[in-house]
Amino acid sequence: MPGAGWGRPSPGDGRGDGGEGSRARTRLLLCILLTLLALTPLSAQSTDPLLWPEPQRAFLQDGPALLLSEEQRASLLRLDEAGREAFIRDFIAENRLREGIERRLRLAARDLVSPRDARAQLLFLKGEPAAKRVLDCGNTFRPLEIWTYGLPPHERSFVLYQRSPDEPFRLWLPIDSKAVLYTPDMENWLDQWQQLGMGGPRIDRRFCPDSAQVDLATGLDGLSGEPARGGRRGTERRPQEPQEDGQGRSFRWIDPRDRVWLLERPADLAAWAREAAATPLPTEPPELTVESFDMDFPYRQGQRLVARALLSVSPGENGFTVVKEGDKSYVRLAIDGTLEYDDRTFDRFRMRFRFPPPTEPGPVPLLLERPLRPGQPFLLRLRVHDEGSVAQALLARGFHVPEAPQPRLAAVVDKALSGEAEPLKIAGRDSLLLLPPLSELVIGVWRADAMVTGDRIAKVVFLVDGEAQLSRTRPPYSAEVRLSPFPREQVVRAEGYDAAGELVAADQMVLNQARGAFRVAITEPKPSRRAAGKVRAQAEVVVPEERKVERVEFRVNDAPVASRTEPPWQADIEIPRNEEIVYLTVVAQLDDGARAEDVRFLRAPENLEQVDVNLVELYTTVTDSTGHPVRGLEAKDFEILEEGKPQAIAKFERVENLPLTLGLVIDTSTSMASSLVEAQRAASGFLENVMTPRDRGFAVGFSRFPYLLMPPVDDVEGLSQALEGLRASGSTSLHDAIITGLYYFRSTKGQRALILLTDGDDTSSSAPWENALEYASRSGVAVYSIGLAISTLELDARRKLSNLAEATGGRVFFIDKAEELSGVYEQIEQELRSRYLLAFNTNRKADDLGFRPVEVKVRRGLRARTLRGYYP
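Residues numbered from 1 in each chain as written. Predicted model: local features only at pLDDT ≥ 70, side-chain atom pairs only at ≥ 80, totals over all residues. Heavy atoms only, no water.

1. Looking at a nonpolar patch on the surface
This is how the line gets drawn: Patch membership requires over 30% relative accessible area and the absence of a salt bridge. Like charges are linked within 9 Å, and nonpolar side chains (Val, Leu, Ile, Met, Phe, Trp, Tyr) within 5 Å. Areas reported as accessible are Shrake-Rupley estimates using a 1.4 Å probe. Residue values count occlusion only from the protein chains shown. Salt bridges are defined by distance alone: a side-chain nitrogen of Lys or Arg within 4 Å of a carboxyl oxygen of Asp or Glu. Put simply, DSSP H or I for four residues or longer makes a helix, DSSP E for two residues or longer makes a strand, and each gets a number counted from the N terminus. A 1.4 Å probe rolled over the protein chains alone gives each residue an accessible area, and that area as a share of the maximum for its type sets the label: buried under 20%, exposed over 50%, partly exposed in between.
Residues Leu 433, Leu 435 and Met 451 make up a contiguous nonpolar surface patch of about 260 Å² in total accessible area. Relative to the helices and strands, Leu 433 is located in strand E17 (residues 431-434). Judged by its relative accessible area of 47%, Leu 433 falls in the partly exposed class.

Pasting the structure below:
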């Protein structure tokens, strides 16, 4: 039962080092230590708190130790394990203090992963703020929040910021300088704006009106604290002297001691305990239970050791939530986790597990693996949750990666899932290595670079799909090879020969290999009823991550005729002339034994009605005169015309509940700086509203070139997280982005839609517009293009977006500001859930490979929108 990412469920015996002790004791440890488990210590006398027994480590690092004085903390660090246990027991002996710690820990653990984050520490020490403002100005500020404590007229606002993605939020102090709050680009622009004494609104105000709130919270005007155009210097201000923010609002310079006080130990611990014990708490989610947890380090992976964690998870009283997917039922668990190293976030990850509902009660074992540096201590934090409900469990564990492998869990881990990593290929003296491309998608022309070592290789020949294109007889061994103008799987090979023409070394790679759920699709020959003679058969294999194709077999009427062990997956086959029915079967097998196949009829009798070899599907939207989708129509309300000739409707279905594959393509070029945060928020809300457990989605960003944010997944939360933190920079590769986005629909069937958001025309694509439009027309995917703040004078950009939507049966939207995106997405959602599926059997000939125009008509007063045509 494989899971996404680097985790997968695995069988186990359900027993481990964390399942002992009473329910009451376990509950107490959860409240105090943010964990259900009292894990076996790795070293009883360890001086590294990460390697202390988990209850003791959590007391020191996850909140309660904030209540200690410096002398108490130093004393705790000097004690051995037994002494630490006695110290903690005595410290929390008083009931009100224990209850206060419990409530504040639960409050801090509600939203934040790491207790080392200043926001978690503030919640623990001070409780909920009177007000909290999260600034969505990613083009101006680093991630930043403003928290306010106290009530008028004595309230104070404080800034919390994240300097880099791998660091926790920290409390801003004047000694940090205000520059640390700005992005590097905005810091540079603001510095120049102030030095030049430019007029008009301050430049950060133009991009982020909320920057005035940052002035109020910091007591500093602009970057350095000086007025924008002369006046009193910021260094001359006196504490608490009112200032103006330029918009009629006053602010005060805040004494640094006011900020440091926030994270200081409470002066009156008894008063803190009374206040903390009265902390109101939100309704808590149901609990999952981690019955056991264990780790080992089974093998090396390059210069790192693989850390393997095995945890067994039990459901709450109502069991795991069962989710229906078609006619099958599954349980879906997810793990959100972080690895911390040296007070920084070393890695964040998310894994998902899908498996049939257990037939017997008991824990479900989940296996996680991660390559880490040997000899280093880490802290692992996990949140395990049931995706069908809100039930969850929290777990934390410190560990030390040894210098050499230490496999211990082989007996309880499925052997098929715990094999050794493949050894790295080490180049010999005379060797050749073909460097991979920077992008996952490569079309048109690609510069192939071969790294050659040794003295023997005198010539390198570059081949594409087995045909030689170019050769080089001296370094650098580099050549621009010609590829298909449209994305398809191709093999580029480099062969190194010596002076006598003998092959010395070779390397090859597969470009544009489709990744995703394992499946096979026959692409050649095209469907036919009367094919005969010798034809080229070709298939596309979609391969899951970390898997390889072991063999692809071609069969004609179940008789094997060809086999291939490497791409391209093609073979010349002979179609028998004396058999009335002939069908081609392509069977692919992966290295783990999994098999998938596709079947295509090459010859079928005219009266074999169940073989719809020429069935053309049209997903159609119907709108009224106001542009609103119309539901409730019947097949009799439609008419299909192919090349102007009426066609009988062979299939009719409403698609409200059909699975959807959805792609998001978002412009992240420099010109999107002021709109990107709102665009991210609107897209995340749209995904949450439109996607169901049966749907899949992916996201692509583009600036100078397109880049994948998230491959096709059925994880709405993970897809939304992939959109967070996008930065605007670079030029606009619009044409390449369209092709890249549509590329990820390869081998998918059913209802499909791509949403394209951009604020300008192409400036840096390698593909011409004509290729992008033709590829979109061939894809069969409805494209909804959104033009943001594109002037009516930008005729070319508007024409492209309009033609793209019209050719694919989508729709174009032109809006003035990002705040209108939510309304646009709402309209798209309504259309996607109110379309109709129409299908007809075309009468085209087998050798007719050109574009076939199609039109769908609907009863008077309504408008039907679908593909303008199709390619066979």
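2. Notes on the pairing of strand E25 (residues 533-542)
Here is the rule we go by: Two strands pair if DSSP finds at least two bridges between them.
In terms of burial, E25 is a largely internal element, seven of the ten residues being buried. Pairing geometry for strand E24 (residues 519-524) and E25, over five bridges, is antiparallel. Across the sheet, Ala 521 pairs through a bridge with Glu 540, a residue of E25. Two elements, E25 and strand E28 (residues 570-575), share six bridges in a ladder whose sense is antiparallel. Bridge assignment links Val 535 to a residue of E28, and that residue is Ile 573.

3. Section: the environment of Leu 801
Our working rule: Here a residue-residue contact requires only that any non-hydrogen atoms of the pair lie within 4.5 Å.
Secondary-structure assignment places Leu 801 in helix H16 (residues 795-808). Judged by its relative accessible area of 2%, Leu 801 is buried. Taking C-alpha positions, Leu 801 is 7.4 Å from Gly 787, a pair spaced 14 residues apart along the chain. With near-sequence residues (within four places) excluded, Leu 801 lies in contact with Leu 756, Thr 758, Ser 785, Ile 786, Gly 787, Ile 790, Val 812 and Phe 814.

4. Brief notes about the packing of aromatic side chains
For clarity, the threshold we go by: A pair of Phe, Tyr and Trp rings is counted when the ring centres sit within 6.5 Å of each other, with Trp represented by its six-membered ring. The angle between the planes then sorts it: under 30 degrees is stacked, over 60 is edge-to-face, the rest tilted. Counting as a charge over the ring demands two things of the Lys NZ or Arg CZ atom: a distance within 6 Å of the ring centre and an angle within 35 degrees of the ring normal.
All chains considered together, the criterion is met by 17 aromatic pairs. Between the aromatic rings of Phe 141 and Tyr 182, the centroid separation amounts to 4.8 Å while the plane-to-plane angle is 25 degrees, which identifies the pairing as stacked. Of this pair, Phe 141 sits in the loop between strand E2 (131-135) and strand E3 (144-149) while Tyr 182 sits in the loop between strand E5 (170-171) and helix H7 (184-196), and the two are 41 residues apart along the sequence. With a relative accessible area of 0%, Tyr 182 lands in the buried category. An aromatic cluster is defined as three or more aromatic residues linked by ring pairs; in this entry it consists of Phe 297, Tyr 341, Phe 346, Phe 378 and Phe 399. The aromatic ring of Trp 52 is capped on one face by Arg 84, whose charged end is 4.0 Å from the ring centroid.

5. Quick word on the pattern of salt bridges
Using the criterion set out here, one finds 54 salt bridges in the structure. Measuring nitrogen to oxygen at the nearest pair gives 4.0 Å for the salt bridge that ties Arg 104 to Glu 275. In this pair, Arg 104 is assigned in helix H5 (residues 95-108) and Glu 275 in helix H11 (residues 269-277), connecting sequence segments 171 residues apart. Assessed through its relative accessible area of 51%, Glu 275 is described here as exposed. Sharing partners across several salt bridges, the network here consists of Arg 332, Asp 336, Arg 350, Arg 352, Arg 383, Glu 387, Asp 714, Asp 715 and Glu 717.

6. Brief notes about the state of the cysteines
Heads up, the condition is: Disulfides are defined in this document as cysteine sulfur pairs within 2.5 Å.
Under the counting rule described, the total for this entry stands at one disulfide. Across a sulfur-sulfur distance of 2.0 Å, Cys 137 and Cys 208 are joined as a disulfide pair. Here the S-S torsion is close to 70 degrees, and the disulfide linking Cys 137 with Cys 208 is therefore right-handed. Taken as a pair, Cys 137 in the loop between E2 and E3 and Cys 208 in the loop between helix H8 (203-207) and helix H9 (211-218) lie far apart in primary sequence, 71 residues in all. As far as the burial class goes, Cys 137 and Cys 208 line up, both buried.

7. Digging into the packing of helix H12 (residues 676-690) against helix H17 (residues 821-832)
The relative placement of two packed helices is expressed as an angle between their axes plus a distance between the axes. Inclusion rule: Here the axes come from fitting lines to C-alpha atoms, over the contacting stretch only for helices, and the angles between their N-to-C directions go from 0 to 180 degrees. Any angle between 65 and 115 degrees counts as roughly perpendicular, while under 35 counts as roughly parallel, over 145 as roughly antiparallel, and the rest as oblique. It is the rotation of the near helix from the far one that decides the hand of a crossing: anticlockwise by less than a right angle makes it left-handed, clockwise makes it right-handed. Under the scheme applied, nonpolar residues are Ala, Val, Leu, Ile, Met, Phe, Trp, Tyr, Cys and Pro; charged residues are Asp, Glu, Lys and Arg; polar residues are all the others, including Gly.
The N-to-C vectors of H12 and H17 enclose an angle of 25 degrees; their axes lie 9 Å apart at closest approach. In terms of orientation, H12 and H17 fall into the roughly parallel class. Crossing of H12 against H17: the hand is right-handed. Touching Ala 679, Ala 682, Ala 683, Phe 686, Asn 689 and Val 690 of H12 are Leu 821, Ser 822, Tyr 825, Ile 828, Glu 829 and Leu 832, all from H17. Its residues placed into classes, the contact of H12 with H17 shows nine nonpolar, two polar and one charged.

8. Here's the deal with H12
Heads up, the rule is: In a helix, the anticipated span is given by 1.5 Å times the number of residues less one.
In this model H12 runs 21 Å from its N-terminal to its C-terminal C-alpha over 15 residues, within 8% of the 21 Å that 1.5 Å per residue would give. The buried fraction of H12 is high, at eleven of 15 residues. Listed in full, the buried residues belonging to H12 are Leu 676, Val 677, Glu 678, Ala 679, Gln 680, Ala 682, Ala 683, Ser 684, Phe 686, Leu 687 and Val 690. Residues of H12 that are buried make contact with strand E35 (660-667), helix H13 (716-722), strand E38 (751-758) and H17.

9. Topic: the packing of H5 against helix H6 (residues 118-126)
Between H5 and H6, the least distance of the axes is 8 Å, while the angle of their chain directions is 150 degrees. Taken together, H5 and H6 sit at an angle that is classed as roughly antiparallel. Between H5 and H6 lies a crossing of right-handed hand. Mapping the contact onto sequence places Ile 101, Arg 104, Leu 105, Leu 107 and Ala 108 in H5 and Ala 120, Leu 123, Phe 124, Leu 125 and Lys 126 in H6. Split into classes, the residues belonging to the contact of H5 with H6 amount to eight nonpolar, no polar and two charged.

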